[in-house]
Amino acid sequence: MTDRPLTLMAVHAHPDDEATGTGGVLARYAAEGVRTVLVTCTDGGCGDGPGGVKPGDPGHDPAAVAAMRRKELEASCEVLKISDLEMLDYADSGMIGWPSNDAPGSFWNTPVEEGAARLAELIEHYRPDVVVTYDENGFYGHPDHIQAHRITMAALERTALTPKVYWTTMPRSMMQRFGETMREFQEDMPEPDPAEAAAMAEIGLPDDQITTWVDTTAFSDQKFDALAAHASQGENIFFLRMGKERFGELMGTETFVRVKDATGAAVPETDLFAGLR
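Residues numbered from 1 in each chain as written. Predicted model: local features only at pLDDT ≥ 70, side-chain atom pairs only at ≥ 80, totals over all residues. Heavy atoms only, no water.

Colleague: Explanation requested: the overall build of the chain in the structure shown.
Modeller: Secondary structure assignment for the chain yields 8 helices and 7 strands. Overall size of the chain, expressed as C-alpha extent along the three principal axes, is 55 × 40 × 35 Å. In the chain, buried positions account for 52% of the 277 residues. For the chain, contacts bridging at least 24 residues in sequence account for 79% of all contacts bridging at least 6. Just so you have it, the chain exposes about 12600 Å², and 53% of that area is on carbon and sulfur atoms. (Helix = DSSP H or I, 4+ residues; strand = E, 2+ residues; numbered from the N terminus. Buried < 20%, exposed > 50% of the residue type's maximum accessible area, 1.4 Å probe, protein only. Contact = heavy atoms within 4.5 Å. Areas by Shrake-Rupley, 256 points an atom, 1.4 Å probe, with all protein chains shown as cover.)

In structure tokens, the structure reads:
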């Protein structure tokens, strides 16, 4: 045993991703005395600019957007009581098929081994007991999420450390409730075409394949406030429309798939640190 605190490292693609899928666990474990380390891989420059101006439209300045989003990210970290923020500062690659995917310096266009080497240095520095990132499809197919997954898994292979490793996910039952809530708050939302509906149906996992269910209900207000800190992206953050009470009801549990473990802790589990304390 050492005096080193237990450490959680979350590897995310963009500013605001830390709050959506892991805001609850980051806040909960910080409150429990765990050191929480957030690695954000891109600068978020493909997000909305002031007044909601979209990437590629006149007046959209990726550098200015990145600077604005950095401040919002720092504010979110304050809300979630994140101990350490590390920025890899790759250029935001945008959505799949955008020209920015192939731009020099974009995260998607960066060799995996280059990103993995940088992340491995951070892993060796912080020596996390738990690492959280996305699955192979980046949960929903975003290029930067997929790349974050790739560099995280490659970085772990470069080190001799054996943290518990988790991928964020959502049970299909929760995805169904989420879809119902979206329709409730967006009455004019068109029905998705069959191909889009089929793709949505493949997001997440059957409930019985979820290994880890973490109750973060007590921290749902913090999670909501962390999302709200990313005010420039408010148009894209659907959850802010439902208010804190409904948000807490829908988002009070965060779910994961455990993919690496040296503790032998039984699954399903209710604690990312099961077997470590």
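Colleague: Explanation requested: the packing of aromatic side chains in the structure shown.
Modeller: Per the stated rule, a full pass over the model turns up 5 aromatic pairs. Ring centres of Tyr-29 and Phe-273 lie 4.9 Å apart, and the angle between their planes is 70 degrees; on these two criteria the pair is classed as edge-to-face. Separated by 244 residues along the polypeptide, Tyr-29 in helix H1 (residues 17-31) and Phe-273 in the segment after strand E7 (253-260) bring together distant segments of the chain. A relative accessible area of 0% places Tyr-29 in the buried class. Here Phe-273 falls in the buried class, since its relative accessible area comes to 0%. Ring geometry for Phe-224 against Phe-247: centres 5.3 Å apart, planes inclined by 75 degrees, an arrangement best described as edge-to-face. One end of the pair, Phe-224, is in helix H7 (residues 220-228); the other, Phe-247, is in helix H8 (residues 243-251), and 23 residues separate them in sequence. When sorted by exposure, Phe-224 lands in the same class as Phe-247, which is buried. (Phe/Tyr/Trp six-rings, centres within 6.5 Å; stacked < 30°, edge-to-face > 60°.)

Colleague: Looking at this structure, how should I read the packing of H7 against H8?
Modeller: For any two helices packed against each other, one specifies the crossing angle of their axes together with the interaxial distance. Viewed as axis vectors pointing N to C, H7 and H8 meet at an angle of 115 degrees, and their least axial separation amounts to 9 Å. With respect to H8, the axis of H7 lies roughly perpendicular. Crossing geometry of H7 relative to H8 is assigned as right-handed. Residues Ser-220, Asp-221, Lys-223, Phe-224, Asp-225 and Leu-227 of H7 form the contact with H8, whose participating residues are Gly-243, Lys-244, Phe-247, Gly-248 and Met-251. Classifying every residue of the contact of H7 with H8 by side-chain character gives 4 nonpolar, 3 polar and 4 charged. (Axes fitted to C-alpha atoms, helices over the stretch in contact; angles between N-to-C directions. Parallel < 35°, antiparallel > 145°, perpendicular 65-115°, else oblique. Left-handed = near helix turned anticlockwise from the far one by under 90°. Nonpolar A, V, L, I, M, F, W, Y, C, P; charged D, E, K, R; others polar.)

Colleague: Got a minute to help me understand the sheet that holds strand E2 (residues 35-42) in this structure?
Modeller: To summarise the sheet geometry, strands pair through backbone hydrogen bonds and adopt either a parallel or an antiparallel arrangement. A sheet is described by the order of its strands in space; here 7 strands give the open sequence E3-E2-E1-E4-E5-E7-E6, paired in mixed fashion. The outermost strands of the open sheet, each flanked by one partner alone, are strand E3 (84-90) and strand E6 (212-215). Along the sheet, successive strands turn relative to each other by an average axial angle of 25 degrees, direction set aside. Two strands pair when backbone bridges link them, and E2 and E3 are joined in this way by 5 bridges, in the parallel orientation. Note on E3: the bridge partner recorded for Val-37 is Asp-84. Lying on the sheet, helix H3 (residues 112-126) is in contact with strand E1 (7-12), E2 and E3; it crosses E3 at an angle near 170 degrees. (Pairing = 2+ DSSP bridges.)

Colleague: What am I meant to see in the pairing of E6 here?
Modeller: Each regular strand carries side chains that alternate between the two faces of the sheet. Of the two faces of E6, the one lined by Thr-212 and Val-214 is fully buried and the one lined by Trp-213 and Asp-215 carries no buried residue. Summarising the sheet, E6 and E7 pair through 4 bridges and their orientation is antiparallel. Considered in E7, the bridge of Asp-215 is made with Thr-253.

Colleague: I'm lost on the side chain of His-149 in this one. Help?
Modeller: Its place among the elements puts His-149 in helix H4 (residues 143-158). Classification of His-149 as buried rests on a relative accessible area of 8%. If we ignore the near neighbours within four places in the chain, the residues touching His-149 are Thr-133, Tyr-134, Asp-135, Glu-136 and Trp-167.

Colleague: Quick question: what am I supposed to make of unusual backbone geometry here?
Modeller: Glycine aside, a negative phi is what most residues show, and trans is what most peptide bonds show. Following Val-267, the chain continues to Pro-268 via a peptide bond in cis, the omega torsion being 0 degrees. Locating Pro-268 in the fold gives a position in the segment after E7. Unusually for a residue other than glycine, Asp-16 sits at a positive phi of about 100 degrees. Assessed through its relative accessible area of 13%, Asp-16 is described here as buried. Backbone geometry at Phe-139 places phi at a positive 70 degrees, although glycine is not the residue there.

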